[in-house]
Amino acid sequence: MKTNNKLSLLFNPFTKIAGSKALIVGLIVIILTVIIGHSGGIIFNGVFDIHLSSAKLQLCFVVQFISLAILILTLFVAAKILSKTSFRFIDVAGTILLSRTPFVLLSLVALLLPTLASSSNNVSRSLMGIAIVPANAHDWTVFIGFTLLCVIVWLWFATLVYNAIAESCNLRGVRAIIATTSGLLIAEIVAAVIIFFVLTASLSTAKPGDVAQVSTTQVESNLAYDDINQIALNLAEEIKNKNYKVLIANFDSEMKTAMPETKLEQVMLSLENEYGEITQIETEVTNEQHTNFRVAFVPLHYKEVHLRFKFVFDTNNQIAGFFIVAL
Amino acid sequence: MKLPCKCPSCDNQLKVKSLSCDKCETEVTGTYNLPVLARLLPDEQSFMLKFIKNSGSLKDMAKDLGLSYPTVRNLLDDIIKKIKTYENQ
C-alpha cells in the first residue's frame, strides 16, 4: 500500500504539493535542468523539444522560460474555458513548473554521456546518407537509448501535466484531456514560432567583422582582425586550389604533427567525394576570440553543401587549429 | 455505529420513520427526510466538521490533512455539488 502511494506520487504529487511551494521547487528543478543540460550540450527549446547545442547559457534559459511561460498561459486559458469551478493561477503555474522534473534526467544523462553529441551526429549523417564515417554500434546504442529515454520522459511529463491540470483546476475526464492536449499542442506551436524569431534575432545581430567576445583577454599580436581575416581568405583560396602546402606552412608545430599534408589531403578528398568540389569561397569572414586565440570563420560552398573553414590563430599568427564546420 | 442513508436493497434514499426519547420513552413516528448533511458519506461529514473547526480556512485544512490547497478545495467543491443535488431533489 505504501509502495503504491509512493509510486502514485511520481505521477501525481499535486495532491500533496501545489501553489507557491510547487512554484519554488519547480523553478529550482528547471534552473538545474538548464544548467546541467547546457554542460551536457543540450538545449530545451520548446515544450517537448530537446536539441544538441553549444548555445550560451543565457540563451538556454531564455528559450526554456519562453516555452514554459507560454505553456502555463495556454493551459490556464484552456482550464478557464473548461472548468466549472474557480482556481488560482499560482496553482497552475506551480504544478506545471513542477511537471518539468522528469527532464532533469535527460540533462543528467547528457552530462554523463560525453559521446552523445558525436554519436547522434554520426547516426543523423548516416541516416541522411552523408556520413564520412558511418555510425558504429556504440553510436547507434547511444542514439537509440537516448531517444527511448526522451520518449519515456515526454510521456511522464504529459501525465504530470494532465494531473497538474486535473488537480489545480478541478477538471476531470474528457474536459481534462481536452485542456491538456490542446494546451500542450498550442503551446508547442506558439513557443516554436517565438523561439525561432528569438534565435534568428540572436544570430542576425552578429555581422561579418563583428567579434563574438568569449573572453575579454587582450590578445597580444601585431596583426589586426582585418589582417587575420585576409590571411584566412587567402588560405581558403589555396585550399580550394588544393595547395595544401601553403596551409601547412602556416600551422604551428603541434598542428604540423597532428595534421601532416597526407592526412589533410585525405580529409579534403573525402569531403570532395561526399559533397563535390569547392565552388566558391565567400568573403564575409566572422570572428570569435577565445582567451589569446582568434578565430576566423570563412564560409564556402561545396557543390552540395555550405560549410565553413574555421582557422584558429595563436598570438604568433600561426594556425593552432583548423576545422571544417557547419554553418 | 454508522447512520445508514441508502436502502441496502434498492439503494434509494432512506427517510426517518421514528425517533424515541431514552429518558421518558416517548416515541415520535412519521416520515422525515434526513437532513442534507446527514446524507453525506462519513468521510465527507468528517471533512465538513474539520472545515468548520478550521473556521473555513482551506489553507489550515490543507495543513491539517497533509494535502495541497487545490486538492482540499476540490474536495469541498465536490461536497458543495453533492449538497446542491440533494437540495434539488
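All figures in this text were calculated on a predicted structure; none of them were measured in a lab. (Residues numbered from 1 in each chain as written. Chains lettered and ligands numbered in written order. Predicted model: local features only at pLDDT ≥ 70, side-chain atom pairs only at ≥ 80, totals over all residues. Heavy atoms only, no water.)

(A) Layout of the overall build of chain A. For chain A, the helix and strand inventory stands at 12 helices and 8 strands. Considering chain A as a whole, with its 327 residues, one finds that 41% of them fall into the buried category. Long-range pairs, those at least 24 residues apart, make up 64% of the contacts in chain A with a sequence separation of at least 6. For chain A, the accessible area works out to roughly 17000 Å², and carbon and sulfur atoms hold 64% of it. (Helix = DSSP H or I, 4+ residues; strand = E, 2+ residues; numbered from the N terminus. Buried < 20%, exposed > 50% of the residue type's maximum accessible area, 1.4 Å probe, protein only. Contact = heavy atoms within 4.5 Å. Areas by Shrake-Rupley, 256 points an atom, 1.4 Å probe, with all protein chains shown as cover.)

(B) Just the confidence of the model for chain A, in detail. Residues and elements named next belong to chain A. Here chain A shows a mean pLDDT of 86. Residues at 70 or above account for 90%. Model confidence for chain A, summarised as mean pLDDT per element, is weakest for strand β3 (residues 211-213) at 46 and strongest for helix α4 (residues 89-99) at 97. Contacts of residues 206-219 to residues separated by more than four positions or lying in other chains number 31 contacts, the stretch itself having pLDDT below 50. (pLDDT = per-residue confidence, 0-100.)

(C) Focus on the nonpolar core. Residue and element names in this part refer to chain A. Core analysis: the biggest nonpolar cluster contains 51 residues, and Leu 71, Ile 96, Leu 106, Ile 165 and Leu 171 have the highest contact counts within it. Secondary-structure elements contributing two or more residues to this core are α2 (19-39), β1 (42-43), α3 (57-82), α4, α5 (103-112), α7 (137-169) and α8 (173-204). In terms of residue count, the dominant contributor to this core is α3 (13 residues). The contact partners of Ile 96, leaving out residues within four places of it in the chain, are Leu 71, Ile 72, Leu 75, Val 161, Ala 164 and Ile 165. Counting residues in hydrophobic clusters, the runner-up holds 29 residues, among them Phe 251, Met 259, Leu 300 and Phe 309. (Core = buried A, V, L, I, M, F, W, Y, C linked by side-chain atoms within 4.5 Å.)

(D) Broad picture of the pattern of salt bridges. All names here are of chain A. Per the counting criterion, the structure on display carries 6 salt bridges over all chains. Here Glu 277 ties to Lys 242 by a salt bridge, and the two come within 3.8 Å at their closest N and O atoms. Here Lys 242 lies in the loop between α9 (225-240) and α10 (244-249) and Glu 277 lies in the loop between α12 (261-275) and β4 (278-281), a separation of 35 residues in the sequence. Of the residues examined, Glu 277 reaches a relative accessible area of 46% and is grouped as partly exposed. (Salt bridge = Lys/Arg side-chain N within 4 Å of Asp/Glu carboxyl O.)

(E) Molecular detail of the packing of α2 of chain A against α4 of chain A. Residue and element names in this part refer to chain A. Two numbers describe how α2 lies on α4: the axes approach to 7 Å, and their chain directions differ by 35 degrees. For the element pair α2 and α4, the recorded crossing hand is left-handed. When α2 is examined against α4, the residues Gly 19, Ser 20, Ala 22, Leu 23, Val 25, Gly 26, Leu 27 and Ile 30 are found in contact with a partner set consisting of Ile 90, Asp 91, Ala 93, Gly 94, Thr 95, Leu 97 and Leu 98. Considering only residue class, the contact of α2 with α4 consists of 9 nonpolar, 5 polar and 1 charged. (Axes fitted to C-alpha atoms, helices over the stretch in contact; angles between N-to-C directions. Left-handed = near helix turned anticlockwise from the far one by under 90°. Nonpolar A, V, L, I, M, F, W, Y, C, P; charged D, E, K, R; others polar.)

(F) Looking closely at the interface of chain B and chain A. Each partner contributes residues to the interface: chain B has 10 residues there, and chain A has 15 residues. Summing the contributions of chain B and of chain A, the shared interface buries around 880 Å²; its carbon and sulfur component is 42%. Considering only the side of chain B, the residues that lose the most area to chain A are Pro 70, Arg 73 and Asn 74 of chain B, jointly responsible for 43% of the buried surface there. Applying the counting criterion to the chain B and chain A interface returns 0 salt bridges. Put simply, chain B and chain A have 8 residue pairs in polar contact (both at pLDDT 80 or more) between them. (Buried area = accessible area lost by both parts, 1.4 Å probe. Polar contact = N/O pair within 3.5 Å; in protein donor to acceptor, adjacent residues only side chain to side chain.)

(G) A look at the side chain of Thr 33 of chain A. The topology assignment puts Thr 33 of chain A in helix α2. When residues no more than four places from it in sequence are discounted, the contact partners of Thr 33 of chain A are Phe 44, Phe 103, Val 104 and Ser 107 of chain A.

(H) Here's a closer look at a nonpolar patch on the surface. Together, Leu 185, Ile 186, Ile 189, Val 190, Val 193, Ile 194, Phe 196 and Phe 197 of chain A make up a nonpolar patch on the protein surface, roughly 760 Å² of accessible area in all. As for its position among the elements, Val 190 of chain A is in helix α8. (Patch = residues over 30% accessible without salt bridge, like charges linked within 9 Å, V, L, I, M, F, W, Y side chains within 5 Å.)

(I) Spatial organisation of the packing of aromatic side chains. Residues and elements named next belong to chain A. If you walk through the whole model with that rule in mind, you get 14 aromatic pairs over all chains. Aromatic pair Phe 11 and Trp 156: ring centres 6.2 Å apart, planes at 55 degrees, arrangement tilted. You can see Phe 11 sitting in helix α1 (residues 2-11) and its partner Trp 156 sitting in helix α7, a full 145 residues away along the chain. Trp 156 gets classed as partly exposed once you look at its relative accessible area, which sits at 22%. Measuring from ring centre to ring centre gives 6.4 Å for Trp 140 and Phe 143, while their planes differ by 85 degrees; the resulting arrangement is edge-to-face. Here Trp 140 pairs with Phe 143, and both are found in helix α7, just 3 residues apart, close to one helical turn. On the accessibility criterion, Phe 143 (24% relative accessible area) is partly exposed. In this structure an aromatic cluster arises from ring pairing among Phe 44, Phe 48, Phe 103 and Phe 157. Looking at Lys 80, its charged tip hangs above the ring of Phe 87, at a distance of 5.1 Å from the centre. (Phe/Tyr/Trp six-rings, centres within 6.5 Å; stacked < 30°, edge-to-face > 60°. Lys NZ or Arg CZ within 6 Å of the ring centre and 35° of its normal.)

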